[in-house]
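# Examination of the molecular architecture
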Amino acid sequence: MKKTVKIIFTILGLFFLKNTTLKAQDGHIKGIIIDKVSDESVPFATVVIKSTDITYGTSSDDNGKFNLGKLTPDNYTIVISYIGFVDTVIRNVEIKNKNQVVNLGRIYLVVNIEALGEVEISGINKTQVSKIDRKTYSAKDFKTTKGGNAADVLGKLPSVSVGPDGSVSVRGSSDFMVYLNGKPTNIDASTLLNQISSNDIDKIDIISVPTARYDAQGKGGIINIKTKTKGIEGFAATANGTLGGAPWSNKTDVYSAYKINDNRYAAGINLMYNTKKYSLYGFLNYNEKNVNGMRIGRARILVENDQTSPSAYFHMNAQGERPEWYKYYSANIGVDFYLSDSKELSFSYFYGSRNNGRAAYYEYHTFYGDVDGNVYSKEQYIYNPNKDNRYGDYNTASIDFTVDLEDGSNLILSGTYESSGLSRDLTNTNYFYSSSEDLNNDIETNYKNFNERNIYEMYDNTPLKGYRISVDYEKIFDDKSTLGVGSQVQYIGIKGDYVYDNEEIEVNDVEFDNYIDLDRTVYATYIDYIRFSGKWTYNFGLRTEYGNQKIYIDNTSYLKDFGLSDESNYYQTKLDLFPSAHINYQVNDNSKYILVASRRINRPSLTKMTPFLYRRHFEVYVIGDPNLESEYLNNIEFSYETNIGKQNINITGFYRGTENAVFRVNTTTTAIENESIHEILQEDVLIRFYTNAGNSTAIGGELTANLFISSWAKLLVGGSLYNFIIKGDVFGYAVDQESTNWSLKGNMNIDMSKETSVTFDYNYKSATVTSQGSNDYFQMANISFNYSPEKLEGWDFSLRGLDLLSSNLQYLDTNAYNKDNQQIFYQETEYHRNGPIVELGVTYTFNNVKSKKVKKASAEDHFK
């Protein structure tokens, strides 16, 4: 496979050299189509060229670019059209000789005001725009997220969910790829999204069914974050600051060893400088958020105990404060050099740093009793303060060279290097008492008189290094169809040290310190064909990926005791094919149908594969499985979009089937038939694993509507309804779970005057089943008041109220039964995060721009 990749790179390199040295054999007219309101490129716009001899058409590509070739000397008229926009006509474009290339540059489309009635241009730009392979959202319309991060913006989008803990999922899947300005990254998705300031985001693409040109990795598809990198010629800067919190909820237990103020701070600056020769951009951000809350938990485990009834359970009931903290720094710098009309060289660098974690101060009441909690014996009280701190530094550097070849083709050479330093420090301390009075008295005296002490501490350090090298070539044929081919090599290497300091867990000379070394290389090639035929657009592709993964585990002495392999080396190699199909039918100027399908893969993360035992809470240990295999996804979507007067409505039906799904599951030390576990842990607790245990399917639909209520109000509303099924086999027990899931989201923008506006959003997500239980419903409401005084040009002030309903709550439960239909364990957990939250934000924008000379044409007002 390596030889194959080398051959592809060599052929493309030779082809590049050949084509860049040839002189043009015909005339060309090219340009890029831009939405004048949003300053965003317009893909798949219709471009028709006319002269005395010919009339034919093409469409702009994914980036809004078009290239009309095979032209003889003549005067031409270009007509550009797109649904909802006024046709742009450019006359007297002259090709003087057959070798000439005319670059029209940026061609601006304006909204069709007649179709929108009396709505003013400043108020009609859509919050969401649908394209053949994605839905694109304008971040500026979600004003309640100012001062927040990318995850906050995503939480407002249909089909995307953000949990109370900041975890992000797309249609129920937390495994997806994040691209930053079109570049894939190996940084954990939720970590990266929490590091990017919402103030720096321009657009967000949700690509649920990507084409073959994109990585096949990720169940939930791809989320592409587009930051503010380009503008009109000149210098522009934006500075922002945020101060807020919920001081009325600063009620962390006075007995806690760690107190936290429920405050949040953010500051950032975004810079852009654009000339005809280059564009320079960058941002610098700091974001800190502290959240107070509490946890209530109840757990019971079926035990075999000679002193009690055979049906006795060991109960562990807990309650206590649970503060969380999040601190992020991020910086980005980039430059695009416009070497000529046909060549562009780009550099970019991103740095991020994080420290986030949580403390937990839980008071446990444990005892043996029946299933209803009636006490049999052995009552005990435990104070369990534990702390989990995560640290990380992230570096990503990339370079891209783009050249438009003289035969109408295009070549892109790209390289990316990444390095991350990740570490985690987890401490877990138990204090044992015979009564609740003794526990409370001991806490008040700073636990000076404890009866028994169990100290657990784990520290890991897992640096990551990786790189990507890719070549993409695109050829436009005489019939205006497009063929794209490309190749990519991606490598990640992670080496991790795991160090344990535990007075009680090292029993019978069992050592838990460990070391991991992971190498994963993916070699990929693709072919992608696009054809335009009347009202039809076809995009068919095939991607091949050859994965080669090696894992080395240093200490395997205890793995067999947990039902895992005790091998030190694990190898996985596989060649996979990933077909994709995207079909668009344009019914008329107001309606279209889109049918898309693809197959994808989800390779398990290192977190799920590391077989290193650590204590998450008093009642839960966690261990990974290095033998985890990849999941495979089959996705189908069918969409209908229409404009009804001023309104835009999109209806999408979807199917997602997951094969060989990875489940997070729990079992117990009593359910595992291995006495060694009892000798090692010496207690009855839950053991959490990750395992390939079955399949899951989701089938349903989504509705999204851009509603322009008046010239001063618009509403984005979206909802989904789907059936979710999980079937599998977990530790020999059948799993058959099913639920009807639904969600509702709305984002209303109201301009109260030229200076003031208000934004309100609401999010509801229904309960859903999991592999061994369920997660309860979740809802959130936010409001933002914005003031942009005319007398203070460039200044914007906002007052935001978040979690208005104090509904940042999370309820979940897990359970399992044996073959006799007897419950072997049950665990339910409630997380309460305090609210409401108030934030005050200030933004200042400075622009020092120059007017750019426009090319002479009858539609010159569309150019800049």
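As a convention, each chain's residues are numbered from 1 in the sequence order in which they are written. Side-chain atom pairs in this predicted model are given and counted only at pLDDT of 80 or more, local residue features only at pLDDT of at least 70, and totals for whole chains, interfaces and linings cover all residues. The basis for the side-chain values is all heavy atoms of the structure; hydrogens and waters are excluded.

### Quick word on the overall build of the chain
The helix and strand tally for the chain stands at six helices and 45 strands. Throughout, exposure labels follow a simple rule: accessible area from a 1.4 Å probe, protein chains only, divided by the maximum for the residue type, with under 20% read as buried, over 50% as exposed, and the rest as partly exposed. Buried residues in the chain amount to 56% of all 864 residues. A contact between two residues is defined here by any heavy atoms of the two lying within 4.5 Å. Look at the contacts in the chain between residues 6 or more apart in sequence, and 69% of them connect residues 24 or more apart. Only the protein chains shown count as covering a residue, and every accessible area follows the Shrake-Rupley method with a 1.4 Å probe. In the form shown here, the chain has an accessible surface area of approximately 36,700 Å², with 52% of it arising from carbon and sulfur atoms. Counting from the N terminus, the helices are the DSSP runs of H or I reaching at least four residues and the strands are the DSSP runs of E reaching at least two.

### Notes on a nonpolar patch on the surface
Any residue with relative accessible area above 30% and no salt bridge may belong to a patch, with like charges joined within 9 Å and the nonpolar Val, Leu, Ile, Met, Phe, Trp and Tyr side chains within 5 Å. Throughout this description, the term salt bridge denotes a Lys or Arg side-chain nitrogen within 4 Å of a carboxyl oxygen of Asp or Glu. On the surface, a nonpolar cluster with roughly 750 Å² of combined accessible area is contributed by Tyr273, Tyr278, Leu280, Ile333, Phe337, Leu339, Phe347, Tyr349 and Ile399. For the nonpolar patch, the secondary-structure elements that each account for two or more residues are β18 (278–291), β21 (324–338) and β22 (343–369). Counting through the fold element by element, Tyr273 comes out in strand β17 (residues 263–274). Taking relative accessible area as the criterion, Tyr273 reaches 32% and is therefore assigned partly exposed.

### Observations concerning the environment of Ile476
Along the chain, Ile476 falls in strand β25 (residues 452–476). Taking the C-alpha atoms as reference, Ile476 lies 10.0 Å from Arg531; in sequence the two are 55 residues apart. Residues contacting Ile476, with those up to four places away along its chain left out, are Asn67, Gly408, Ser481 and Thr482.

### What to know about the packing of aromatic side chains
Aromatic rings from Phe, Tyr and Trp, with only the six-membered ring used for Trp, were paired whenever their centres fell within 6.5 Å, and each pair was classed as stacked if the ring planes differed by under 30 degrees, edge-to-face if by over 60, and tilted otherwise. Under the definition given, this model contains 24 aromatic pairs. Ring centres 5.9 Å apart and planes at 15° place the aromatic pair Tyr593 and Phe638 in the stacked group. Here the residue Tyr593 occupies a position in strand β30 (residues 591–602), and Phe638 occupies one in strand β33 (residues 631–644), the gap between them amounting to 45 residues.

### Considering the pattern of salt bridges
Under the definition given, this model contains 27 salt bridges. With its nearest N and O atoms 3.7 Å apart, the salt bridge here joins Asp215 to Arg543. In this pair, Asp215 sits in the loop between β14 (201–207) and β15 (222–227) while Arg543 sits in strand β28 (residues 536–553), placing the two residues 328 residues apart along the sequence. Here the two residues Asp215 and Arg543 agree in accessibility, since each one is buried. Asp388 is paired through a salt bridge with Arg424; the nearest N and O atoms lie 2.7 Å apart. Placement of Asp388 in strand β23 (residues 375–404) and of Arg424 in strand β24 (residues 410–433) is noted, with a sequence separation of 36 residues between them. Look at the salt bridges and you will find they share partners, linking Asp215, Arg468, Arg543, Glu545 and Arg603 into a network.

### Quick notes on empty space enclosed by the protein
Put simply, the grid is 1 Å and covers the protein atoms alone, a cavity is a trapped set of points that fit a 1.4 Å probe, a pocket is an open set with protein on both sides within 12 Å along at least five of seven lines, and lining residues have an atom within 4 Å of a point. Grid points are joined across faces, edges and corners, and a volume is the space filled by probe spheres set on the points. Counted by the stated rule, this structure contains nine cavities of 30 Å³ or more. Empty space within the second largest cavity amounts to approximately 230 Å³. Around the second largest cavity, the lining comprises 22 residues; the ones closest to its centre are Arg134, Lys135, Ile206, Ser208 and Glu637. Breaking the lining of the second largest cavity down by element, the ones donating at least two residues are β9 (135–138), β30, β33 and β35 (686–710). The nonpolar class holds Ala, Val, Leu, Ile, Met, Phe, Trp, Tyr, Cys and Pro. Asp, Glu, Lys and Arg form the charged class, and all remaining residues, Gly among them, are polar. A per-class count over the lining of the second largest cavity returns eight nonpolar, seven polar and seven charged.

### Considerations on the confidence of the model for the chain
Of the residues in the chain, 85% have a pLDDT of 70 or more, and the chain-wide mean is 82. Taking the mean pLDDT of every element in the chain, the minimum, 45, falls on helix α1 (residues 2–21) and the maximum, 95, on β28. Throughout residues 447–455 the model reports pLDDT below 50, and contacts reaching past four residues in sequence, or to other chains, amount to 34 contacts. Values of pLDDT, which run from 0 to 100, indicate the predictor's confidence residue by residue. Counting interchain partners and residues more than four positions distant, the pLDDT-below-50 stretch residues 850–864 has 32 contacts.

### A look at the sheet that holds strand β7 (residues 101–109)
Consider a sheet: its strands pair through backbone hydrogen bonds, and that pairing is either parallel or antiparallel. Any two strands with at least two DSSP-identified bridges between them are counted as paired. One open sheet accounts for three strands, arranged β4-β1-β7; its pairing is mixed. The sheet is open, and its two edges are formed by β4 (65–71) and β7, each paired on a single side. Here the average twist between neighbouring strands, direction ignored, is 20°. Two elements, strand β1 (residues 27–35) and β7, share seven bridges in a ladder whose sense is parallel. Across the sheet, Ile33 pairs through a bridge with Ile107, a residue of β7. The angle between two axes is taken between their N-to-C directions and runs from 0 to 180 degrees, where each axis is a line fitted to C-alpha atoms and a helix contributes only its stretch in contact.

### Considering the sheet that holds strand β12 (residues 177–180)
Read across the open sheet, the six strands follow the order β8-β9-β14-β15-β12-β13; overall the sheet is mixed. Sheet topology places β8 (128–130) and β13 (183–184) at the edges, where each strand pairs with a single neighbour. By the bridge criterion, four bridges tie β9 to β14 in an arrangement that is antiparallel. Across the sheet, the residue bridging to Lys135 is Ile206, located in β14.

### Focus on the pairing of strand β41 (residues 778–787)
Of all the 10 residues making up β41, eight are buried; the element is thus mostly covered by neighbouring parts of the structure. Relative to β41, strand β38 (residues 756–765) is paired through 10 bridges, and the arrangement is antiparallel. In the sheet register, Thr756 faces β41, and the bridge partner there is Tyr787. As judged from the five bridges shared by β41 and strand β42 (residues 795–802), these two strands associate in the antiparallel manner. Note on β42: the bridge partner recorded for Asn786 is Ser798.

### Remarks on the side chain of Thr366
Relative to the elements of secondary structure, Thr366 occurs in strand β22. In this view, Thr366 contacts Phe314, His315, Met316, Lys378, Glu379, Gln380, Ile382 and Phe618; residues no more than four positions away in its chain are not counted.

### Comments concerning the side chain of Arg424
On the basis of relative accessibility, which here comes to 8%, the residue Arg424 falls in the buried class. In protein, a polar contact means a hydrogen-donor-capable atom and an acceptor-capable atom, both N or O and within 3.5 Å, with residues adjacent in sequence counting only if both atoms are side-chain atoms; elsewhere, any N or O pair within 3.5 Å suffices. A distance of 2.7 Å separates polar atoms of two side chains, one belonging to Arg424 and the other to Asp388.

### Comments concerning unusual backbone geometry
Outside of glycine, negative phi angles account for most residues, and trans bonds account for most peptide bonds. Cis geometry is adopted by the peptide bond preceding Pro836, which originates at Gly835 and carries an omega value of 0°. Of note in the backbone geometry, Asn181 takes a positive phi value of approximately 55° without being a glycine. When you line up the elements, Asn181 lands in the loop between β12 and β13. A relative accessible area of 31% means that Asn181 is categorised as partly exposed.

### Here's the deal with the environment of Glu830
Along the chain, Glu830 turns up in strand β44 (residues 823–833). Put simply, Glu830 and Tyr811 are 19 residues apart on the chain and 4.6 Å apart in space, counted from C-alpha to C-alpha. Among residues more than four places away in sequence, those in contact with Glu830 are Met294, Arg295, Ile296, Arg298, Gln810 and Tyr811. Among the polar contacts made by the side chain of Glu830, one reaches the side chain of Arg298 at a distance of 3.0 Å.

### Comments concerning the pairing of β18
Pairing geometry for β17 and β18, over 11 bridges, is antiparallel. When the bridges of β18 are listed, Asn274 appears paired with Ser279. Here β17 folds back onto β18 in antiparallel fashion, the turn holding three residues. Across 14 bridges, β18 lies against β21 in antiparallel orientation. When the bridges of β21 are listed, Asn285 appears paired with Ser330.

### As for the environment of Met177
Relative to the helices and strands, Met177 is located in strand β12. Looking at Met177, the relative accessible area reads 9%, which means it is buried. Measuring from C-alpha to C-alpha, the distance between Met177 and Ile222 comes to 4.7 Å, with 45 residues separating the pair along the chain. In this view, Met177 contacts Pro184, Thr185, Asp215, Gln217, Gly221, Ile222, Ile223 and Arg468; residues no more than four positions away in its chain are not counted.

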